[in-house]
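This is what each chain is made of:
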Number of protein chains: 2
Amino acid sequence: MKRNSRLSSTLHILVHMAETQEHALTSEQLATFIHTNPVVVRRTIAGLRDAGIVTSSRGHGGGWQLGRAPEKISLAEISAALGETLLPFGTEPESPGCLVEQAVIAALDDFRVEAERLLAEKLSRITLADLAADFHRRYELIGVTSHAV
Amino acid sequence: MKRNSRLSSTLHILVHMAETQEHALTSEQLATFIHTNPVVVRRTIAGLRDAGIVTSSRGHGGGWQLGRAPEKISLAEISAALGETLLPFGTEPESPGCLVEQAVIAALDDFRVEAERLLAEKLSRITLADLAADFHRRYELIGVTSHAV
DNA sequence: AGACTCGTAACTAAGTAAGTTACATGAAAC
DNA sequence: GTTTCATGTAACTTACTTAGTTACGAGTCT
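With an unreviewed UniProt entry as reference, chain A is termed Transcriptional regulator, source organism Mesorhizobium mediterraneum.

Now the structure itself:
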C-alpha cells in the first residue's frame with residue numbers, strides 16, 4: 001500500500017466485499033488484494049466499522065462484511081470514516097498577531113469550507129454499487145473480448 | 001514554516017510584497033514574515049519566478065518583487081506555480097491486472113479531474129488584490145478600535 | 001574591490017505513515 | 001474445555017518526505 005492511496009485501497013477492498021456478500025473475508029485475504037499486511041488493513045478500516053460501513057467478527061469463520069447494501073454506502077462516508085482530508089493545505093496561524101496572515105487565513109478558510117462542501121457533495125453521489133457495476137461492465141468486456149479473440 | 005502550509009505562507013509573503021511594491025524585499029526579510037530560513041523562501045518561491053508571478057534581482061538593493069499587478073495574480077496560478085496538488089489522494093495502480101482496481105481508479109480519476117477543475121476555477125477568482133484589500137479592511141478596523149478604546 | 005543578494009547543491013533533522021511483531025481477547029469447532 | 005482461527009491493539013522499525021541548515025558560486029550595485 002503506497003502512501004496517499006488509502007481511499008483507493010479501501011475502495012478496492014470494499015468492492016471485493018460487495019462481490020462476496022455471502023461470507024466474511026479475513027484481513028489476511030483483504031490484505032492480499034492491496035498487497036499489504038493484515039494489521040494495516042485492520043487499522044485502516046477500523047474507522048469504517050465505527051461508522052457502520054463494515055462489520056467485523058472474531059474467531060472461526062470470522063472476518064469482515066459490509067454493514068449495509070452497497071447502494072447505501074457513498075464514497076463521501078468512506079472518505080470521512082477514513083479520516084481523510086479532502087483538501088491538503090493547512091491554515092493554522094504561525095504569527096497570531098499579523099493582520100496579513102489573518103487576511104490570508106480567512107480567505108483560505110472560506111475557500112476550504114466551500115470546497116469541502118462541494119467535494120463531499122460530489123463524493124456522496126458515488127456509491128459502492130456504482131463501482132461494483134463498473135467492475136461488472138469491465139468483466140463482461142473482457143469476457144466478450146476473450147471470445148472474440 | 002509548518003508542514004502543509006506552503007500555500008498559506010507564500011500568500012503571506014506575496015501580500016507583504018504587494019504592500020511594498022516600491023522596492024524589493026530580500027529573502028531574509030521575507031523569511032522573518034513566515035518564521036523560517038531565507039533559503040527555504042528562495043526554494044519555495046522559485047517556481048513563482050518561473051511563472052512570472054514574482055521577479056528576483058541579485059546584488060545590492062536586490063530581492064523580490066511582484067511580477068505584475070496584484071489584481072492580475074490569482075490564487076490558482078500561485079497554487080499551480082508552487083506545484084501544490086489540490087486533491088491529496090493518489091490513484092496509481094498497484095495491481096495492474098485487477099479489474100476491481102481499474103474500476104476504482106477510473107471512478108476516482110473522473111472525480112479528481114472534475115474536482116480539480118472546480119477548485120481551480122474557484123481559486124482563479126481570488127486575487128492577491130483581494131487579500132490585500134481584506135488586510136486593509138482589518139487594518140482600518142484595528143485603527144478605529146484603537147481610537148475608540 | 002567590497003558589500004550584498006540570489007541560486008543551488010548537499011547534508012541534517014523532524015515528522016508521518018506504512019510495515020512488522022507480539023500478544024491479549026473473543027468465537028467457533030471438535 | 002481445549003484447540004484453532006480471527007480480530008484489536010500496542011509498540012516498535014523502516015521508508016519517505018519536507019523543512020531547516022551550511023556552504024559557496026555567480027551576479028550587481030556602490
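*Asks:* Pulling in residues and values, what's your account of the environment of B:Thr26?
*Replies:* All names here are of chain B. Inspection of the secondary structure puts threonine 26 in the loop between helix H1 (6-19) and helix H2 (27-33). Relative accessible area serves as the criterion here: at 29%, threonine 26 is assigned to the partly exposed category. Considering only alpha carbons, one finds threonine 26 and arginine 58, 32 residues apart in sequence, at a separation of 9.5 Å.

*Asks:* I'd love a proper account of the protein's contact with DNA strand D, names of residues and values included.
*Replies:* If you check the shell around DNA strand D, you find 25 residues, and the closest are A:Ser27, A:Arg49, B:Thr36, B:Arg43 and B:Gly59. Close to the protein, within 4 Å, the atoms of DNA strand D belong to sugar or phosphate groups at a rate of 63%. Separating a base nitrogen of DNA strand D from a side-chain N or O atom of A:Arg43 is a distance of 3.3 Å. If you list the elements that add at least two residues to the surface near DNA strand D, you get helix H3 (38-50), strand E1 (54-57) and strand E2 (63-66) of chain A together with helix H3 (38-50) of chain B. No other element matches the four residues that H3(A) contributes to the surface near DNA strand D. Residues belonging to the surface near DNA strand D are distributed by class as follows: five nonpolar, 12 polar and eight charged.

*Asks:* Break down the interface of chain A and chain B for me, with residues and values.
*Replies:* Listed as interface residues are 49 residues of chain A and, on the opposing side, 50 residues of chain B. Linking chain A to chain B there are two salt bridges. A:Glu114 serves as the salt-bridge partner of B:Lys122, at 3.7 Å between the closest nitrogen and oxygen. Where the side of chain A that touches chain B is concerned, the elements lending two or more residues are helix H1 (6-19), helix H5 (99-124) and helix H6 (128-148) of chain A. A class-by-class count of the residues in the side of chain A that touches chain B yields 29 nonpolar, 11 polar and nine charged.

*Asks:* Give me the protein's contact with DNA strand C: which residues, what numbers.
*Replies:* The immediate surroundings of DNA strand C are formed by 26 residues, with A:Thr36, A:Arg58, A:Gly59, B:Ser27 and B:Arg49 found nearest. Within 4 Å of the protein, the atoms of DNA strand C are drawn from sugar and phosphate moieties in a proportion of 64%. Between DNA strand C and the protein, one listed contact pairs a phosphate oxygen with a backbone N or O atom of B:Ser27 at 2.7 Å. Between DNA strand C and the protein, one listed contact pairs a base nitrogen with a side-chain N or O atom of B:Arg43 at 3.3 Å. Those elements that place two or more of their residues in the surface near DNA strand C are H3 of chain A together with H3, strand E1 (54-57) and strand E2 (63-66) of chain B. Across the surface near DNA strand C, the residue classes break down as six nonpolar, 11 polar and nine charged.

*Asks:* Describe the relation of the copies chain A and chain B, listing the residues and the values that go with them.
*Replies:* For the pair chain A and chain B, the relating rotation is 180°, the translation along its axis is 0.0 Å, and the fit reaches an RMSD of 0.0 Å. Seen this way, the second copy is the image of the first under a two-fold rotation axis. When the interface residues of chain A are mapped onto chain B, 100% of them are again interface residues, pointing to one common binding face.

*Asks:* Talk me through the pattern of salt bridges; I want residue IDs and the actual numbers.
*Replies:* All chains considered together, the criterion is met by 18 salt bridges over all chains. Note that A:Arg117 is salt-bridged to A:Glu114, the shortest N-O span being 3.4 Å. In this pair, A:Arg117 and A:Glu114 are both assigned in helix H5, three residues apart and thus about one turn of the helix distant. One salt bridge connects B:Asp134 with B:Arg138, and the closest N-O pair in it is separated by 3.3 Å. Of the two residues, B:Asp134 and B:Arg138 both sit in helix H6 (residues 128-148), four residues apart, roughly one turn of that helix. Assessed through its relative accessible area of 24%, B:Arg138 is described here as partly exposed. Residues joined in a network through salt bridges with shared partners are A:Glu114, A:Arg117 and B:Lys122.

*Asks:* Can you explain unusual backbone geometry? Please cite residues and give values.
*Replies:* Phi at A:Asn4 takes a positive value of approximately 60°, unusual for a residue other than glycine. Along the chain, A:Asn4 turns up in the segment before H1. What makes A:Asn4 partly exposed here is its relative accessible area of 46%. We note that B:His35 has phi near 55°; this positive angle belongs to a residue other than glycine. For B:His35, the location among the structural elements is in the loop between H2 and H3.

Conventions adopted
Residues numbered from 1 in each chain as written. Chains lettered and ligands numbered in written order. Predicted model: local features only at pLDDT ≥ 70, side-chain atom pairs only at ≥ 80, totals over all residues. Heavy atoms only, no water. Helix = DSSP H or I, 4+ residues; strand = E, 2+ residues; numbered from the N terminus. Buried < 20%, exposed > 50% of the residue type's maximum accessible area, 1.4 Å probe, protein only. Near = heavy atom within 4 Å. Polar contact = N/O pair within 3.5 Å; in protein donor to acceptor, adjacent residues only side chain to side chain. Nonpolar A, V, L, I, M, F, W, Y, C, P; charged D, E, K, R; others polar. Contact = heavy atoms within 4.5 Å. Salt bridge = Lys/Arg side-chain N within 4 Å of Asp/Glu carboxyl O. Least-squares fit on C-alpha atoms with pLDDT ≥ 70 in both.

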